[in-house]
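The chain contents come next:
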Amino acid sequence: MGSHFRSYIWDPVLILSQIVLMQCIYYSFLGLWLAVVDSLVQTNRSLDQIFSYKVLGFATMQGRLSMMAFILNSLTCALGLLFFIRRGKQCLDFTITVHFFHMIGCWLYNAHLPAALSWWLVNVACMALMAVIGEYLCMRTELRAIPVNSGPKSNL
């Protein structure tokens with residue numbers, strides 16, 4: 001059997017480690033963006049900003065700034081997809097997985113599913129941004145020309 005370009009075998013350890021890595025990137029950079037946003041308006045930091053659906057909203061300044069942090073985090077996570085996933089076809093899968101685990105975390109933190117429309121809108125927008133930008137970046141690297149060096153040329 002000849003080797004195929006980009007042939008992959010099922011590697012559950014790699015997939016699970018990529019899921020854990022993307023989840024770590026998601027929460028660490030979300031915490032970083034929320035800390036930056038909180039320093040702008042001098043508010044207290046808490047886990048409510050990450051997991052409570054009541055914080056995200058259009059009515060308050062803190063809610064709008066938290067939504068901005070979530071959107072900036074989706075851009076950062078798209079870079080995580082580029083550097084650690086590196087496959088355009090897998091960007092949507094990993095994006096949905098990260099946000100699914102975030103929804104489960106919010107569900108456990110609040111003891112019920114998030115009920116605010118603003119929470120759902122922000123998370124769907126963040127999923128779309130993360131998947132589309134991550135896929136675009138990965139596709140750009142996948143479609144780069146492969147340099148073919150024929151070695152030293154000889155005069156015949």
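The structure we're discussing is the one just above.
Residues numbered from 1 in each chain as written. Predicted model: local features only at pLDDT ≥ 70, side-chain atom pairs only at ≥ 80, totals over all residues. Heavy atoms only, no water.

**Here's the deal with the state of the cysteines**
A covalent bond between the sulfur atoms of two cysteines is what we call a disulfide. If you walk through the whole model with that rule in mind, you get zero disulfides. Free of any disulfide, C91 has its nearest cysteine sulfur in C138, 3.6 Å distant. (Disulfide = S-S within 2.5 Å.)

**Focus: the packing of aromatic side chains**
Under the definition given, this model contains five aromatic pairs. Measuring from centroid to centroid gives 4.9 Å for W119 and W120, while their planes differ by 85 degrees, and the two rings are edge-to-face. Look at W119 and you get buried, because its relative accessible area is 2%. Among the aromatic residues, those joined into a ring-pair cluster are Y26, Y27, F51 and Y109. (Phe/Tyr/Trp six-rings, centres within 6.5 Å; stacked < 30°, edge-to-face > 60°. Buried < 20%, exposed > 50% of the residue type's maximum accessible area, 1.4 Å probe, protein only.)

**A word on the side chain of Q23**
Mapped onto the fold, Q23 is located in helix α1 (residues 12-41). Relative accessible area serves as the criterion here: at 13%, Q23 is assigned to the buried category. Discounting chain neighbours no more than four positions away, the residues touching Q23 are T97, V98, F101 and H102. (Helix = DSSP H or I, 4+ residues; strand = E, 2+ residues; numbered from the N terminus. Contact = heavy atoms within 4.5 Å.)

**Description of the packing of helix α3 (residues 61-85) against helix α4 (residues 91-110)**
Two elements in contact, α3 and α4, have axes separated by 11 Å at closest approach and are oriented at 130 degrees. Looking at the two axes, α3 sits oblique to α4. Considering the relative orientation of α3 and α4, their crossing is right-handed. Contact residues: α3 offers F70, L81 and I85, while α4 offers C91, F94, T95 and H102. (Axes fitted to C-alpha atoms, helices over the stretch in contact; angles between N-to-C directions. Parallel < 35°, antiparallel > 145°, perpendicular 65-115°, else oblique. Left-handed = near helix turned anticlockwise from the far one by under 90°.)

**Overview of the nonpolar core**
Counting residues in each nonpolar core, the largest one holds 31 residues, and the members touching the most others are M22, F70, L81 and W119. Taken together, the elements giving at least two residues each to this core come down to α1, α2 (48-51), α3, α4 and α5 (117-142). Per-element accounting of this core gives the leading share, eight residues, to α3. In this view, W119 contacts Y53, L56, H102, M103, C106 and P114; residues no more than four positions away in its chain are not counted. (Core = buried A, V, L, I, M, F, W, Y, C linked by side-chain atoms within 4.5 Å.)

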